[in-house]
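Observations on the three-dimensional arrangement
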Amino acid sequence: MAETARWISAFLEAQAAELDAARNTLLAYGRDLKDFADWLSRRSRDFAGASRADVEAYLVACEAGGLSRATRARRLSSIRQLYRFAYEEGWRGDNPAIQITGPGRAKRLPKVLSIDEVDRLLAASRESGRGAFERLRNICMMELLYATGMRVSELVSLPVAAARGDPRMLMVKGKGGKERMVPLSSPARAALAEWLAARDAAEKAAQAEARHPVGRHLFPARGREGHMTRQAFHGLLKDLAAAAGIAPARVTPHVLRHAFATHLLAGGADLRVIQTLLGHANVSTTEIYTHVLDERLRDLVLDHHPLARDGG
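Residues numbered from 1 in each chain as written. Predicted model: local features only at pLDDT ≥ 70, side-chain atom pairs only at ≥ 80, totals over all residues. Heavy atoms only, no water.

Here the focus is the packing of helix α6 (residues 132-148) against helix α10 (residues 253-266). Between α6 and α10, the least distance of the axes is 7 Å, while the angle of their chain directions is 45°. Comparing their axes, α10 and α6 come out oblique. Contact with α6, carried on its side by Met 142, Leu 145, Tyr 146, Ala 147 and Thr 148, involves Pro 253, Leu 256, Ala 259, Phe 260 and His 263 of α10 and no other residues of that element. When grouped by side-chain class, the residues that make up the contact of α6 with α10 number eight nonpolar, two polar and no charged. (Axes fitted to C-alpha atoms, helices over the stretch in contact; angles between N-to-C directions. Helix = DSSP H or I, 4+ residues; strand = E, 2+ residues; numbered from the N terminus. Parallel < 35°, antiparallel > 145°, perpendicular 65-115°, else oblique. Contact = heavy atoms within 4.5 Å. Nonpolar A, V, L, I, M, F, W, Y, C, P; charged D, E, K, R; others polar.)

Below you can see the structure in the form of C-alpha cells.
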C-alpha cells in the first residue's frame, strides 16, 4: 500500500503544481483513487499491475453499488488521469483506462429561478441577518452573485482589493487560475459600496482595540481560509430561500448562476458573451441555456396558447 500511496501523492502534487487544480478537485481525485486502490487491494492487485479488465470490472462494481452515472464517469476520469501521469513518469508503459468508454453524464437541464423569485431572494437578503452589519454583507453577496454569475468559490474568496474604487467591473479568478472580468450592475455597485463602508469601519475598530484584523478578503471569516466558506454561504442561501417563500431545495449558489445566464439569454445577450462572463472554456457548455429557454418557451405556449388548452 505504500507504493499506492506514493502514486496518489505524486499525482496530486503534480495536479496542484502544474495545473493549479482547486483544493476540492484534488480532494475528489484523492477519494476516487483511494477507492479504486482499495478495490484492487482486495483482489491482490495494485496500480502498477492493474489491467484494462480490472478497470472495467471496477466500474461494473461501482454501478452495482448504486453509484450514479456522473460519479462513475468522474471516477473513470480520475483513473485515466492517474495512468496518463504514470505513463509520463515512466511508471507504466501503457494507460489501461484510455480506451474504456465511460458511462457519460446524463444530460439534465439546469434548474432555473424566475426573475420574480430572484427578486424575492434579494428582498429577503435585505431583511435577514443578525444586525445591520450582516444584512449589508448578505445583500452584497446576493447582488454580486446574481449580477455576475460567479461560482460560489469565486465569490467567497474575492480579495477586498478587487472591490476598491467603486469598480464598474471585477477581476475574478476562476478554475485553473484563469482570470476574467465581470461587469457590475448599479444595484450590485451600490450594495458593494455600502458593505465596504461597514467592513472598513469594523476593521478600523478592530485595529483601535488591538483585536484580530478583519483580513484581506471581501467577506472575511475567522476560519482557516480567512473568508466565508462555501458551506456557510450555502446555508445562508437556504435560509434566504425559506424567508422568500421558495422551497430551499430549489435554491443553491449554482442555481443562481444558472438564473444569471438564462435571464441574460432571454434578454437577448449573445451566447459568446455569456460564455466569457461565466468563464466557460467551451461554448458548448454554455449552449445548454438555449435548451432551457426552448423548454420555457414550449411550456409558455402549452400553458397560454388557446389551441393548446384542453378542449381548445
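With that settled, consider the pattern of salt bridges. A complete count under the given rule lists 20 salt bridges for this structure. Between Glu 63 and Arg 72 there is a salt bridge, and its shortest N-O distance comes to 4.0 Å. When its relative accessible area of 14% is taken as the criterion, Arg 72 is described as buried. Here the residues in one salt-bridge network are Asp 32, Asp 35, Arg 74 and Arg 75, joined through shared partners. (Salt bridge = Lys/Arg side-chain N within 4 Å of Asp/Glu carboxyl O. Buried < 20%, exposed > 50% of the residue type's maximum accessible area, 1.4 Å probe, protein only.)

As a further point, take a nonpolar patch on the surface. A surface patch of nonpolar side chains, about 250 Å² in accessible area, is lined by Met 169, Met 171 and Met 181. Here Met 169 is to be found in strand β1 (residues 169-173). (Patch = residues over 30% accessible without salt bridge, like charges linked within 9 Å, V, L, I, M, F, W, Y side chains within 5 Å. Areas by Shrake-Rupley, 256 points an atom, 1.4 Å probe, with all protein chains shown as cover.)

Now for the pairing of β1. The two faces of β1 differ: Leu 170 and Val 172 on one face are buried, but Met 169, Met 171 and Lys 173 on the other face are not. Two strands pair when backbone bridges link them, and β1 and strand β2 (residues 179-183) are joined in this way by five bridges, in the antiparallel orientation. Its bridge partner lying in β2, Met 171 is registered against Met 181. The antiparallel hairpin formed by β1 and β2 contains five residues in its connecting segment, where Gly 176 sits at a positive phi of about 65°. (Pairing = 2+ DSSP bridges.)

On to the nonpolar core, then. In this structure, Leu 121, Leu 144, Leu 155, Leu 218 and Phe 233 are the most contacted members of the largest nonpolar core, which totals 43 residues. Secondary-structure elements contributing two or more residues to this core are α5 (115-125), α6, α7 (152-156), β1, α8 (186-208), α9 (230-243) and α10. Per-element accounting of this core gives the leading share, seven residues, to α6. Look past the residues within four positions of Leu 218 in its chain and what remains in contact with it is Leu 144, Leu 158, Pro 159, Val 160, Ala 163, Leu 192, Trp 195, Leu 196 and Arg 199. (Core = buried A, V, L, I, M, F, W, Y, C linked by side-chain atoms within 4.5 Å.)

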